[in-house]
Amino acid sequence: MGKQEPFIQAGLFWNRLPEDQKAALIRNLSADLNGVTVPEIKEIMVSHFYAADPDYGTRLATATKLDLAAVKARAAKALEAVKLAAN
């Protein structure tokens, strides 16, 4: 994996997990993220999971009560920044 693919490893990991482990991972991550007191930081973090895999990010956004549209928009910006940095 090159530098231009920073989200791929997390997405590959997510897609290899069985459903029960995905659910456990979302529970554990959301428990920690729900302790974050700065909403923007939580949104940025969840957008990175969305960039790794939309299902991953969607489940985490739901579990952390974030606006999915805002998470998607941040993920798109992050992916675009990665593209620009690679060129």
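Presented here is an overview of the structure given in this document.

Definitions and limits used
- Residues numbered from 1 in each chain as written.
- Predicted model: local features only at pLDDT ≥ 70, side-chain atom pairs only at ≥ 80, totals over all residues.
- Heavy atoms only, no water.
- Salt bridge = Lys/Arg side-chain N within 4 Å of Asp/Glu carboxyl O.
- Helix = DSSP H or I, 4+ residues; strand = E, 2+ residues; numbered from the N terminus.
- Buried < 20%, exposed > 50% of the residue type's maximum accessible area, 1.4 Å probe, protein only.
- Core = buried A, V, L, I, M, F, W, Y, C linked by side-chain atoms within 4.5 Å.
- Contact = heavy atoms within 4.5 Å.
- Phe/Tyr/Trp six-rings, centres within 6.5 Å; stacked < 30°, edge-to-face > 60°.

A word on the pattern of salt bridges
Reasoning step 1: Scanning the entire structure with this criterion turns up four salt bridges.
Reasoning step 2: Between Arg59 and Glu19 there is a salt bridge, with its nearest N and O atoms 2.6 Å apart. In this pair, Arg59 sits in helix α4 (residues 54–63) while Glu19 sits in helix α2 (residues 19–33), placing the two residues 40 residues apart along the sequence.
Reasoning step 3: Exposure remark for Arg59: the relative accessible area of 25% places this residue in the partly exposed category.

Quick look at the nonpolar core
Reasoning step 1: Ranked by internal contacts, the top residues of the largest apolar core, which has 18 residues, are Phe7, Val46, Leu60 and Val71.
Reasoning step 2: Breaking this core down by element, the ones donating at least two residues are α2, α3 (39–52), α4 and α5 (68–86).
Reasoning step 3: No other element matches α3, which puts five residues into this core.
Reasoning step 4: Not counting residues within four places of it along the chain, the set of residues in contact with Phe7 comprises His48, Ala51, Ala52, Ala78, Leu79 and Val82.

Structural notes on the packing of aromatic side chains
A ring pair, where both rings are aromatic, is described by two values, the distance of the centres and the angle of the planes.
Reasoning step 1: Taken as a whole and judged by the stated rule, the model has two aromatic pairs.
Reasoning step 2: Each ring, one from Trp14 and one from Tyr56, has its centre 4.2 Å from the other, and the planes form 10°; the classification is stacked. With a gap of 42 residues between them, Trp14 in helix α1 (residues 8–16) and Tyr56 in helix α4 connect regions that are remote in the sequence. Of the two residues, Trp14 and Tyr56, both sit in the buried class.
Reasoning step 3: The interplanar angle of 65° and the centroid separation of 5.0 Å between the aromatic rings of Phe49 and Tyr56 together place this pair among those described as edge-to-face.
Reasoning step 4: Feature note: the residues Trp14, Phe49 and Tyr56 constitute an aromatic cluster, connected by ring pairs.

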